[in-house]
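This is what each chain is made of:
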Amino acid sequence: MKDWQRAFVLHNRPYSETSLMVDLFIESKGRITAIAKGARRKRSALKGLLQPFTPLIVQYSGNGNVKTLSQVEASSLSLPLFGHALYSGFYLNELIHRVIVSEVDSSELFQAYLEALQQLAQHIHPEKVLRQFELILLESLGYSVDFEHCSATGDAIVDSMYYQYQPEQGFISSLMQNSTSYTGKELRAFADKNFNDADSLKAAKRFTRMALKPYVGSKPFKSRELFLKL
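Residues numbered from 1 in each chain as written. Predicted model: local features only at pLDDT ≥ 70, side-chain atom pairs only at ≥ 80, totals over all residues. Heavy atoms only, no water.

### Here we look at the nonpolar core
Most often, soluble globular proteins keep nonpolar side chains buried together rather than apart. Stated formally: The set of buried Ala, Val, Leu, Ile, Met, Phe, Trp, Tyr and Cys residues whose side-chain atoms join them within 4.5 Å is what this entry labels a nonpolar core. Each residue gets one of three labels from its accessible area relative to the maximum for its type: buried under 20%, exposed over 50%, partly exposed in between, using a 1.4 Å probe on protein chains only. Helix numbering and strand numbering both begin at the N terminus, where a helix is a DSSP run of H or I of at least 4 residues and a strand a DSSP run of E of at least 2. A contact between two residues is defined here by any heavy atoms of the two lying within 4.5 Å.
Of all hydrophobic cores here, the largest spans 49 residues; its most connected members are L95, Y113, L117, F133, F171, F190 and F207. At the level of elements, β1 (5–14), α2 (83–99), α3 (107–121), α4 (126–140), β6 (162–166), α5 (184–192) and α6 (198–216) are the ones that each hand at least two residues to this core. Sort the elements by how many residues they give to this core and α3 lands first, with 9 residues. Sequence-distant contacts of F171, defined by excluding residues within four places in its chain, comprise V145, D146, F147, H149, C150, S151, Y163, Q164, Y165, Y182, L187 and F207. Formed by 16 residues, the second largest nonpolar core is a distinct cluster that contains V9, A34, L50 and L56.

See the structure below:
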């Protein structure tokens, strides 16, 4: 791959005494794993560049599952994330690492990821940023849900009514109130990706965790463990 590609580091780890193995989120190619030769040497500029949350442009080569990085440059300064924003960024990286595959054009999701990091750096409420990104991620995976109509009748969602989520069907009006039911007002917030109150944020978290579970599996997220230590 001789063309320059926009990228972010999701994770890196030692590969040998002098090299790093790096998981990258590539704008046009999804997630790839590459060897950064010499990146662990003391005088290597790569070690400082190959860190999460630094916008990069990269070139790599190779036809196998593991590529070789040939060129790496920072396209701008690293995005400053601290505290909850930092752990939220780690969560986004874990989420992408688990869900996104290689050799898939991820341009729209890459842009959404970049915007999410920028919002976190601007101290926008991390929970809002995460829920918005998760909903965009679900859309990119083909998980299409109509948040604006009752799937049984086609009627527009009513803010004051409750709706039960039925997998592969959508939301159906219901008198039941449990872990799979939501108010019409909450569904409207999902549709707009606009969470201006605590109730809609909690409901969105409940929905996205349920919807993402088949994609991410049951293994705990390390970033969530870090959140609990704050």
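Anyway, onward from the coordinates.
### Focus on the pattern of salt bridges
Definition in use: What counts as a salt bridge is simple: a side-chain nitrogen of Lys or Arg found within 4 Å of a carboxyl oxygen of Asp or Glu.
This model, assessed by the stated rule, comprises 8 salt bridges. The partner of R13 in a salt bridge is D23, and the shortest N-O contact between them spans 2.9 Å. Taken together, the positions of R13 in strand β1 and D23 in strand β2 (residues 20–26) put the pair 10 residues apart, joining distant regions of the chain. On the basis of relative accessible area, D23 is assigned to the buried category, the value being 2%. Each of the salt bridges in this network shares a partner with another, and the network as a whole consists of K29, K67 and E103.

### Looking at the sheet that holds strand β5 (residues 66–74)
For clarity, the cut-off: Here, any two strands with at least 2 DSSP bridges between them count as paired. Here, axes are lines fitted to C-alpha atoms. For helices the fit covers the stretch in contact, and angles between N-to-C directions go from 0 to 180 degrees.
Taken in spatial order, the 5 strands line up as β1-β2-β3-β5-β4 and close into a barrel, and their pairing is mixed. Ignoring which end each strand starts from, the neighbouring axes of this sheet average 50 degrees apart. Relative to strand β4 (residues 56–61), β1 runs antiparallel, the two sharing 3 bridges. Its bridge partner being in β4, A7 is matched across the sheet by L56. Along the sheet face, α2 touches β1, β2 and β3 (30–36) and points at about 95 degrees away from the line of β1. Here α3 sits on the sheet and contacts β1 and β2; the angle it forms with β1, its principal contact strand, is near 70 degrees.

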